[in-house]
Amino acid sequence: MNVAELHGEDTALAYDALRELRPHLTSVEEFVELVRTQRREGYRLVASFDASGQVAAVAGFRHMTNLYAGPHLYIDDLSTLPSARKQGHAGALLRWVDEEARRLGCASVHLDSGTQRHDAHRLYMTSGYVIPAHHFAKSL
């Protein structure tokens, strides 16, 4: 298993894995354009590759600073292809993000997760995450 950051020319490699989490993304072109926009806001992508060199899982994250957490990394997206689940790819990505957070001088990593994603929650809890708050959203 190899973990590496994806840069502009490699963005499309993450599409299949991220579409598992974000099925509203209807084309590679739309995905690449959205990531390009997010990158201007600090978004980064890191991928876990399987033995054949294909992207098996991907994490999208940002370096942020806010009053409640100070400098931290926020994971926007973490998704694994169904055929690659339970093989350690997501855990490897979480460890990579932890190391990047430390390198950047962050004291924490944050993420939100859908209430129905029980397998993901087990991974987060065994990886040291806690549930310190509820996330609220309002559609306008």
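Residues numbered from 1 in each chain as written. Predicted model: local features only at pLDDT ≥ 70, side-chain atom pairs only at ≥ 80, totals over all residues. Heavy atoms only, no water.

This next bit is on the pattern of salt bridges. A full pass over the atoms with the stated rule returns 9 salt bridges. Through salt bridges with shared partners, a single ionic network connects Glu5, Arg44, Glu100 and Arg103. (Salt bridge = Lys/Arg side-chain N within 4 Å of Asp/Glu carboxyl O.)

What follows concerns the pairing of strand S5 (residues 108–111). Here strand S4 (residues 70–80) pairs with S5 via 4 bridges, running parallel. Note that in S5 the partner of histidine 72 across the bridge is serine 108. Each parallel crossover has a hand, and for S4 linked through helix H3 (residues 89–103) to S5 it is right-handed. (Pairing = 2+ DSSP bridges. Helix = DSSP H or I, 4+ residues; strand = E, 2+ residues; numbered from the N terminus. Right-handed = clockwise from strand over helix to strand, strands pointing away.)

Attention shifts here to the UniProt feature "domain: N-acetyltransferase" (unreviewed entry) in the protein chain. UniProt marks residues 1–140 with the feature "domain: N-acetyltransferase" (unreviewed entry), using the numbering shown here. Structurally, residues 1–140 is divided into 31% helix and 27% strand, and its ends, taken at the C-alpha atoms, are 42 Å apart. (UniProt positions renumbered as here; feature names shortened; annotations may be inferred.)

Further remarks concern the environment of alanine 57. Within the element layout of this structure, alanine 57 appears in strand S3 (residues 55–66). A relative accessible area of 0% places alanine 57 in the buried class. Separated by 67 residues in the primary sequence, alanine 57 and tyrosine 124 have C-alpha atoms spaced 15 Å apart. When residues no more than four places from it in sequence are discounted, the contact partners of alanine 57 are Ala17, Val46, Ala47, Ser48, Ser79, Thr80, His89, Ala90 and Leu93. (Buried < 20%, exposed > 50% of the residue type's maximum accessible area, 1.4 Å probe, protein only. Contact = heavy atoms within 4.5 Å.)

Before going further, it helps to examine the nonpolar core. Within the largest apolar cluster, 19 residues are counted, with the highest numbers of intra-cluster contacts made by Leu6, Ala14, Leu18, Phe31, Leu45 and Val58. If you list the elements that add at least two residues to this core, you get helix H1 (15–21), helix H2 (28–39), strand S2 (44–49) and S3. Sort the elements by how many residues they give to this core and H1 lands first, with 4 residues. Contacts of valine 58, omitting those with residues within four sequence positions, involve Ala14, Ala17, Leu18, Leu45, Val46, Ala47, Asp77, Leu78, Ser79 and Leu93. (Core = buried A, V, L, I, M, F, W, Y, C linked by side-chain atoms within 4.5 Å.)

Here the protein chain averages 95 in pLDDT, and 100% of its residues register 70 or above. Across the protein chain, the element-wise mean pLDDT spans from 92 in helix H4 (residues 118–126) up to 98 in S2. (pLDDT = per-residue confidence, 0-100.)

Turning next to H2. Spacing of three or four residues puts side chains on the same side of an α-helix, whose turn is 3.6 residues. The terminal C-alpha atoms of H2 lie 16 Å apart, and with 12 residues this matches the ideal 16 Å at 1.5 Å per residue to within 8%. Regarding H2, the residues found buried are Phe31, Val32 and Val35. The arc that holds every buried residue of H2, seen down its axis, measures 95 degrees, which confines them to one face. At its buried positions, H2 is contacted by H1 and S2. (Expected span 1.5 Å × (residues − 1). Arc of directions from axis to C-beta.)

Glancing now at unusual backbone geometry. A positive phi angle, near 65 degrees, is found at lysine 86, a position not held by glycine. Relative to the helices and strands, lysine 86 resides in the loop between S4 and H3.

Turning our attention to the sheet that holds S3. Read from one edge to the other, the open sheet built from 5 strands follows the order S1-S2-S3-S4-S5, with strand pairing classed as mixed. Each edge of the open sheet is held by one strand with a lone partner, namely strand S1 (2–6) and S5. Within the sheet, the average angular offset between the axes of one strand and its neighbour, ignoring direction, is 30 degrees. Where S1 and S2 come together, 5 bridges link them in antiparallel fashion. Among the inter-strand pairings, glutamate 5 is bridged to a residue of S2, identified as valine 46. (Axes fitted to C-alpha atoms, helices over the stretch in contact; angles between N-to-C directions.)

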